Amino acid sequence: MKDFTAASDYPVAMDVTPEVTPFFDEDSNTFSYVVKDPNSDACAVVDSVLDLDYAAGRTGYEHADRIIEFIRDNGLKLELQIETHVHADHLSAAPYIQEKLGGKISIGNNITVVQDVFGKVFNEGTEFQRDGSQFDILFREGDTYTIGTMPAFVLHTPGHTPACMTHVIGNTAFVGDTLFMPDAGSARADFPGGDAGQLYDSVQKILSLPDETRLMMCHDYGPGGREVRYETTVAAQKAENIHFGGGTTREEFVKMREARDATLGMPRLIIPSIQVNMRAGNMPEPDTDGNVYLKVPINKL
């Protein structure tokens, strides 16, 4: 583990271009990715989605099955599943994919902070472990790893949530919700544990990567009616991002972000998503009859 003190410390492998295949979930406007090593059959999955009919209380696997089918059809070996953060707008399908294909489930080590905060919100009992043990790997700032032969490292990029991590795999960074496409700006920072100032600092870390670094978004909502997009670059973000482009100061950003967040409603699936995702995509323990329930905290969010 290494704390980066300057952008020059980043071990970016700009000569390695992973093969990235996106999978878009229209219900939550989420992009999931299969990230393949160009020199082997090894791959990772980033931010998978479990289908949920919230009104009916029913889960499904259409989105996850598309990813599984792609990996199988291409003869790939799934080594790692990456959760960039505890998502508030969709449920993770990581346990389902792991059951079918393997692949260790990972998240940032500050998941323990999220578990502690939302353990109180959802009045979880002592049986709910708040130590991140539901995940196979807890990444810290500066950790390095490989997918096949591809070098990768992680940046701790909090602000949207305390556990947000950006994974830089070869010349490509998966930024989670920290950044959106340049014409959409940045993520909100008003969830419990969020902080607009931290978000600004985290974006500066990402924008310190080489200008040619590819950036993969977790969400896109097609502002202005354009088609959804998932890929941009550091250079494009620095020049064009509506929240950061042109040298926005930290003070200006915090003022804008906090004012904007005050007008936003809660995400439609935040209540089921947080309860499941802070458990690495697993449902709460069933009752003695085998029934599973989610809680709805009143006036807590």
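Let us look at the structure shown here. The structure presented is a predicted model; accordingly, all values stated were derived computationally and were not measured.

Moving on, we come to the sheet that holds strand β10 (residues 150–156). Each strand in a sheet pairs with another by means of backbone hydrogen bonds, the pair being arranged parallel or else antiparallel. In space, the six strands of this open sheet follow the order β9-β10-β11-β12-β13-β14, with mixed pairing throughout. Strands at the two margins of the open sheet, each flanked by one partner only, are β9 (144–147) and β14 (231–233). Across the sheet, the axes of successive neighbouring strands diverge by a mean angle of 30 degrees, strand direction being ignored. Note that β10 and strand β11 (residues 165–169) share five bridges and pair antiparallel. Considered in β11, the bridge of H156 is made with M165.

Next up on the list: the nonpolar core. Of all hydrophobic cores here, the largest spans 24 residues; its most connected members are Y10, F153, V168, V175, L179, L209 and L215. Secondary structure elements with two or more residues in this core: β10, α4 (196–207) and α6 (250–261). Among the elements that make up this core, the one with the highest residue count is α4 (six residues). When residues no more than four places from it in sequence are discounted, the contact partners of L215 are A173, V175, L179, I206, Y230, E231, T232, T233, V234 and Q237.

Below, the discussion takes up the state of the cysteines. Under the criterion given, the structure shown has zero disulfides. Distance from the sulfur of C164, which forms no disulfide, to the nearest cysteine sulfur (C218) is 9.5 Å.

We now examine the packing of α4 against α6. Relative orientation of the contacting elements α4 and α6 amounts to 125 degrees, with a least axis distance of 9 Å. When the axis of α4 is compared with that of α6, the two are oblique. The way α4 lies across α6 gives a crossing that is right-handed. Seen from α4, the contacting residues are A196, G197, Q198, L199, Y200 and D201; seen from α6, they are R250, F253, V254, R257 and E258.

A complete count under the given rule lists twelve salt bridges for this structure. E141 is the partner of K205 in a salt bridge, and the nearest nitrogen-oxygen pair spans 3.2 Å. Here the residue K205 occupies a position in helix α4, and E141 occupies one in the loop between β8 (137–139) and β9, the gap between them amounting to 64 residues. By relative accessible area, E141 is classed as buried at 10%. Residue R188 pairs with D190 through a salt bridge whose shortest N-O separation is 2.7 Å. Taking the relative accessible area as the measure of exposure, R188 reaches 11% and is therefore buried. Linked by salt bridges that have partners in common, D183, D220 and R226 make up one network.

All right, on to the sheet that holds strand β6 (residues 77–82) then. Across the sheet, six strands lie side by side as β1-β2-β3-β6-β7-β8; this open sheet has mixed pairing. Edge positions in the sheet fall to β1 (19–25) and β8, since each has one partner strand and no second. Adjacent strand axes in the sheet meet at a mean angle of 25 degrees when their direction is disregarded. Sheet analysis places β6 next to strand β7 (residues 104–108), joined by three bridges and oriented parallel. Paired with L80 across the two strands is K104, which belongs to β7. Against the sheet, helix α2 (residues 94–101) engages β3 (42–46), β6 and β7, with an angle of about 165 degrees to β6.

Moving on, we come to the packing of aromatic side chains. Between two aromatic rings, the relevant description is the distance of the centres plus the angle of the planes. Per the counting criterion, the structure on display carries 14 aromatic pairs. An angle of 40 degrees between the planes, with centres 4.6 Å apart, marks the rings of F24 and F31 as tilted.

Thresholds, definitions, all that
Residues numbered from 1 in each chain as written. Predicted model: local features only at pLDDT ≥ 70, side-chain atom pairs only at ≥ 80, totals over all residues. Heavy atoms only, no water. Pairing = 2+ DSSP bridges. Helix = DSSP H or I, 4+ residues; strand = E, 2+ residues; numbered from the N terminus. Axes fitted to C-alpha atoms, helices over the stretch in contact; angles between N-to-C directions. Core = buried A, V, L, I, M, F, W, Y, C linked by side-chain atoms within 4.5 Å. Buried < 20%, exposed > 50% of the residue type's maximum accessible area, 1.4 Å probe, protein only. Contact = heavy atoms within 4.5 Å. Disulfide = S-S within 2.5 Å. Parallel < 35°, antiparallel > 145°, perpendicular 65-115°, else oblique. Left-handed = near helix turned anticlockwise from the far one by under 90°. Salt bridge = Lys/Arg side-chain N within 4 Å of Asp/Glu carboxyl O. Phe/Tyr/Trp six-rings, centres within 6.5 Å; stacked < 30°, edge-to-face > 60°.

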